[in-house]
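What follows is each chain in one-letter form.
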Amino acid sequence: MRRLACAMAVLLFAGTGSSAQGDRATQGPPSITGTWTGTWSAYSPARATTPPKELCAKLTAAIDQKGDVWQAVFEGDCGRPYKYTITMEGRLVGGVVMFKGTADLGPRDGGVYDWIGRANNDEFVGFFTSAAYTGVFSMTRPK
């Protein structure tokens, strides 16, 4: 009797898992291209326990897919206007695209940055670090 109950539980669990996988597969990959808006903040790694040094509310990104990579143009104003074009590597994992990249923003803007992020249809979040700064960004679709 116990074996029958265990077998039924395994079949029920397996059926539920494949149903969820099937739902995710029918949705297709998330649409990452287009316009995003949000904020970013940075702090000095030497004082990681202190609040962010900067919080800049004007961050926009325009993202296009070019083959297996995405190109993002980030721009905003944080004491002065900025605009960077970044190439991002990405891979589909479940229902999100996981990104990574390295970009040299020049000595005036902190030099070389490494970053990671994830995006779905509605949210794009990430973490960045350089020799001088560490921080986060968060963007959503404009309303």
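A short note on the confidence of the model for the protein chain
In low-pLDDT segments, the atomic positions of the prediction should not be examined closely.
So, point 1. Here the protein chain averages 77 in pLDDT, while 71% of its residues score no lower than 70.
So, point 2. Across residues 1-26, where pLDDT falls below 50, the model places two contacts with residues more than four positions away in sequence or in other chains.

Quick look at the packing of aromatic side chains
So, point 1. For the structure shown, the criterion picks out 10 aromatic pairs.
So, point 2. Here the aromatic rings of Trp-36 and Phe-124 are separated by 5.9 Å at their centres, their planes lie at 85°, and the arrangement is edge-to-face. Of the two residues, Trp-36 sits in strand β1 (residues 34-43) while Phe-124 sits in strand β7 (residues 123-130), which places them 88 residues apart along the sequence. Phe-124 carries the same exposure label as Trp-36, and that label is buried.
So, point 3. Taking the centre distance of 6.4 Å and the plane angle of 65° together, the rings of Phe-74 and Phe-137 count as edge-to-face. Taken together, the positions of Phe-74 in strand β3 (residues 69-77) and Phe-137 in strand β8 (residues 134-140) put the pair 63 residues apart, joining distant regions of the chain. For the pair shown, Phe-74 and Phe-137 are each scored as buried.
So, point 4. Among the aromatic residues, ring-to-ring pairing joins Trp-36, Trp-70, Phe-74, Phe-99, Trp-115, Phe-124 and Phe-137 into one connected group.

Analysis parameters
- Position labels on residues start from 1 in each chain and follow its written sequence.
- Local features in a predicted model are, by the rule used here, given only for residues with pLDDT of at least 70; side-chain atom pairs are given and counted only at 80 or more, and totals for whole chains, interfaces and linings are based on all residues.
- As a convention, hydrogens and water are excluded, and side-chain values are obtained from all of the structure's heavy atoms.
- A score from 0 to 100, pLDDT tells how confident the predictor is in each residue.
- The criterion used for residue contact is that any of the two residues' heavy atoms lie within 4.5 Å.
- In summary, the pairing rule links any two rings of Phe, Tyr or Trp, Trp by its six-membered ring, whose centres are within 6.5 Å, and it sorts them by plane angle into stacked for under 30 degrees, edge-to-face for over 60 and tilted for everything else.
- Labels follow the DSSP assignment, with helices taken as runs of H or I lasting at least four residues and strands as runs of E lasting at least two, numbered in each case from the N terminus.
- Residue exposure (1.4 Å probe, protein chains only): buried if accessible area is under 20% of the type maximum, exposed if over 50%, otherwise partly exposed.

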